[in-house]
Amino acid sequence: MKGKVYLVGAGPGDTKLMTLKGLECIKKSDVIIYDRLANDEFLKEAKEGCEFIYVGKKSSNHILPQNMINEVIAQKALEGKTVTRLKGGDPYVFGRGGEEAEVLYDQGIDFEIVPGITSAIGGLCYAGIPITHRDYASSFHVITGHLREDEDKEINWNALANCKGTLVFLMGIGNLKHISDRLIEEGRDPKTPVAFVSWATRYNQRTVVTDLENAYEVAQEKKVKAPSLIVVGDVVKVRDKLNFFENRDLFGKKVVVTRARKQSSDLSEKINSLGGKAVELPVIKIEKNDDTELRKEIENLRDYTHIVFTSRNGVELFFETLDDMGLDSRVFFGVKVCSIGAGTSEELMKRGIKADIVPERFVAESLFEEMKKTVKNSDKILIPRSENAREFLADRLKEICEVTEVFSYKTVIDEKSREIAEDVLKSDVDYVTFTSSSTVKNLVEIAGENYKELLEGKKLVSIGPVTSRTIEEFGLEVYKEAEVSTIQGVMDVLVGCLLY
Ligand code: SAH
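Residues numbered from 1 in each chain as written. Predicted model: local features only at pLDDT ≥ 70, side-chain atom pairs only at ≥ 80, totals over all residues. Heavy atoms only, no water.

Peer 1: What is the right way to look at the site of the ligand in this model?
Peer 2: Looking at the ligand, there are 17 residues lining it, with V93, T118, S119, A200 and S228 nearest. Backbone polar atom of W199 to a nitrogen atom of the ligand: 3.4 Å apart, as the coordinates give it. A200 places a main-chain nitrogen or oxygen 2.7 Å from a nitrogen atom of the ligand. Contact with the protein chains removes 93% of the 540 Å² of surface that the ligand exposes when unbound. (Near = heavy atom within 4 Å. Polar contact = N/O pair within 3.5 Å; in protein donor to acceptor, adjacent residues only side chain to side chain. Areas by Shrake-Rupley, 256 points an atom, 1.4 Å probe, with all protein chains shown as cover.)

See below:
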């Protein structure tokens, strides 16, 4: 039985620049073989049990020599596996993809190539540089800067210097002096603009602009390192107008997201789409409690006048139990549904339930104020909620009427985060976001005695007053608090911090 190999171009780094076809290959593969320039975030998309093989290359420091990489790919395919060989950019642009495919051909192994966005074009685009432009360049050349002596002779420096097209050198940083000298010697204007784009399309992209005669000195001074693109040509001038990527609100900022793994994606997605880098450190995990009591109260729901939901999780777990019981939202007939805020209401809406009472500020105090206006002594209220939630709402409502609380779940520490917490917090993080008091408590617990030291210099952003109070109780300082206690509110704070 022979397997199949997909040589997939992963694009220059921004994970969304992967093609649909490439993603499909990742999802169906038994083995993924990848290197340094292919963003390893893609591995999350792989199926359960997929084998990952890192054959990372750093120029001049190859971890696995090319012939061994070829061998690994072939061997896995010959074992009958579906293999994705993930390569940065496009597999056929200096990625030695052609050689890898030839080896497969020679061994009679079935293969397909999935092109990718090359850094030579896409990377420039994210630096605000169009590779061609009617006013500045009507051709472009992509050249390897990692030249063996015999290859250098092959390059027609005179033609490159005089063609007026845009020149893009890959793997050229180590040879920069030679490149700029040769171009000037052969007649290119020393004042020709030059840009270095490092880690293009990623959150840590950096662009340095200079001109040909100063290129080497400037690169030294600004410590330009691989992987970088060297762009030579007048198109660099347009960057001032077209630099959309580096101008985004959160560009270059690293933001820690402490929400539960299952819930972190919307915040992370928002951070990433504004140019930041969300680092997920989920410190809480939702654990469902035994639902015997909840089932009993659902059966009795007709006796209640109100049901109060104080979190998305509460809604989700309530409906899970409802579904297990073979029931649906019709159980709410005649019962007023109260929600603490926008997120909870949204979760209810997904199930076709529009909350009757939602306070203006999304905290228990406001919900109480709102309910107080209509709740009567003869009413009966059910609150299915987290074991760890605050007592405030239930306590105050109990002063008015009969209240039953059911602890349908609890938040516990996500143990998996213990191992990575220290590394995450020691890295160059700008912001840490807290979306509930338990995220604060658990992060402190996970970080251990040195938590203050680990959080020093980081800006702590809080979703609302209760979370802020918890942050302060641990002797930490709240950098900013969301005006509206929602994920969007947290985003507004992050963006606002940078604007003002
Ligand atoms: N196949 C890849 C290129 C592989 S050669 C492609 O199509 O993009 C490796 C070189 O590509 C690096 O040394 C660097 O010059 C360039 N490169 C690749 N990804 C890059 C990125 N995100 N930012 C800057 N340069 C990059």
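Peer 1: Looking at this model, I keep getting lost on the sheet that holds strand β18 (residues 380-386). Mind explaining?
Peer 2: Across a sheet, strands are paired by hydrogen bonds formed along the backbone, either parallel or antiparallel in direction. On the basis of which strands lie adjacent, the open sheet formed by 5 strands has the order β15-β19-β18-β16-β17 and mixed pairing. Every interior strand has two partners, whereas the edge strands, β15 (284-288) and β17 (336-339), have only one. The sheet shows a mean angle of 25 degrees between the axes of neighbouring strands, direction not considered. In this structure, strand β16 (residues 306-309) lies alongside β18, joined through 2 bridges in parallel fashion. Its bridge partner being in β18, H306 is matched across the sheet by I381. Strands β18 and β19 (402-413) of the sheet are contacted by helix α11 (residues 292-299), whose axis makes an angle of about 145 degrees with β19. (Pairing = 2+ DSSP bridges. Helix = DSSP H or I, 4+ residues; strand = E, 2+ residues; numbered from the N terminus. Axes fitted to C-alpha atoms, helices over the stretch in contact; angles between N-to-C directions. Contact = heavy atoms within 4.5 Å.)

Peer 1: Is there a simple way to think about the pairing of β18 in this case?
Peer 2: As a general feature of sheets, a regular strand has side chains that alternate between the two faces. In terms of burial, β18 is largely enclosed, as 6 of its 7 residues are buried. Here β18 pairs with β19 via 7 bridges, running parallel. Considered in β19, the bridge of K380 is made with E402. (Buried < 20%, exposed > 50% of the residue type's maximum accessible area, 1.4 Å probe, protein only.)

Peer 1: Looking at this model, I keep getting lost on the packing of helix α2 (residues 66-78) against helix α3 (residues 97-106). Mind explaining?
Peer 2: For the pair α2 and α3, interaxial distance at closest approach is 10 Å and the crossing angle is 45 degrees. As summarised for this structure, α2 and α3 are arranged oblique, according to the angle between their axes. Between α2 and α3 lies a crossing of right-handed hand. Contacts from Q66, I69, N70, I73 and A74 in α2 reach E99, E100, V103 and L104 in α3. For the contact of α2 with α3, the per-class residue count stands at 5 nonpolar, 2 polar and 2 charged. (Parallel < 35°, antiparallel > 145°, perpendicular 65-115°, else oblique. Left-handed = near helix turned anticlockwise from the far one by under 90°. Nonpolar A, V, L, I, M, F, W, Y, C, P; charged D, E, K, R; others polar.)

Peer 1: Is there a simple way to think about the nonpolar core in this case?
Peer 2: As a rule of thumb, nonpolar side chains are buried together in soluble globular proteins. Judged by nonpolar contacts, the single largest core of 25 residues is most densely connected at V432 and L443. Contributing elements (two or more residues each) for this core: α16 (416-426), β20 (431-434), α17 (437-447) and α18 (451-455). The biggest single contributor to this core is α17, with 5 residues. Core analysis: the second largest hydrophobic core is formed by 22 residues, L160, I173, I179 and L183 among them. (Core = buried A, V, L, I, M, F, W, Y, C linked by side-chain atoms within 4.5 Å.)

Peer 1: How do you make sense of α16 when you look at a structure like this?
Peer 2: Structural remark: α-helix, 3.6 residues per turn; residues separated by three or four positions point the same way. Turning to α16, its buried residues number three or more, namely S417, A421, V424 and L425. Along the axis of α16, the buried positions cluster into a sector of 85 degrees, meaning they face one direction only. Opposite the buried face of α16, by more than 90 degrees, sit the exposed residues E419, D423 and K426. Buried positions along α16 lie against β13 (254-257), β14 (277-280), α17 and α18. (Arc of directions from axis to C-beta.)

Peer 1: Would you explain a positive patch on the surface in this entry?
Peer 2: A cluster of basic residues, R206, K222, K223 and K225, forms a positive patch on the protein surface. Mapped onto the fold, R206 is located in strand β11 (residues 206-211). (Patch = residues over 30% accessible without salt bridge, like charges linked within 9 Å, V, L, I, M, F, W, Y side chains within 5 Å. Salt bridge = Lys/Arg side-chain N within 4 Å of Asp/Glu carboxyl O. Lys, Arg positive; Asp, Glu negative; His and termini not counted. Charge placed at Lys NZ, Arg CZ, Asp CG, Glu CD.)

Peer 1: Even after reading the chapter, I still don't get a negative patch on the surface, so can you show me in this structure?
Peer 2: There is a patch of like negative charges on the surface, built from E472, E473, E477 and E481. With respect to the helices, strands and loops of the structure, E481 is situated in strand β22 (residues 480-481). Judged by relative accessible area, which is 33%, E481 ranks as partly exposed.

Peer 1: Is there a simple way to think about the pairing of β13 in this case?
Peer 2: Neither face of β13 is left uncovered, since the one carrying K254 and V256 and the one carrying V255 and V257 both have all their residues buried. Where β13 lies against β14, 4 bridges are found, and the strand directions are parallel. When the bridges of β14 are listed, K254 appears paired with K277. At this point the chain moves from β13, through helix α10 (residues 265-273), to the parallel β14, and the crossover so formed is right-handed. Two elements, β13 and β20, share 3 bridges in a ladder whose sense is parallel. Bridged to V255 within β20 is Y431. (Right-handed = clockwise from strand over helix to strand, strands pointing away.)

Peer 1: Would you take a moment to explain the environment of L170 for this structure?
Peer 2: Within the element layout of this structure, L170 appears in strand β9 (residues 166-170). The class of L170 is buried, set by a relative accessible area of 10%. Each C-alpha atom of the pair L170 and T439 lies 44 Å from the other, and the pair is 269 residues apart in sequence. With sequence-adjacent residues up to four places away left out, L170 is seen in contact with V93, F94, S119, A120, V142, I143, T144, G145, H146 and L229.

Peer 1: Can you walk me through unusual backbone geometry in this structure?
Peer 2: Excluding glycine, most residues fall at negative phi; most peptide bonds, likewise, are trans. A226 connects to P227 through a cis peptide bond whose omega is 0 degrees. Assignment of secondary structure puts P227 in the loop between α8 (215-221) and β12 (228-232). A positive phi is found at F94, a non-glycine position, where the angle reads about 50 degrees. When its relative accessible area of 37% is taken as the criterion, F94 is described as partly exposed. At M171, a position not held by glycine, the phi torsion is positive, near 50 degrees. When you line up the elements, M171 lands in the loop between β9 and α7 (176-185).

Peer 1: Is there a simple way to think about the sheet that holds strand β8 (residues 140-144) in this case?
Peer 2: The strand order β8-β9-β12-β10-β11 describes an open sheet built from 5 strands, whose pairing is mixed. Two strands close off the open sheet at either side, each with one partner strand: β8 and β11. Averaged over neighbouring strand pairs, the angle between their axes works out to 20 degrees when direction is ignored. Running over the sheet, helix α4 (residues 119-126) touches β8, β9, β10 (193-198) and β12 and is turned about 80 degrees from β12.

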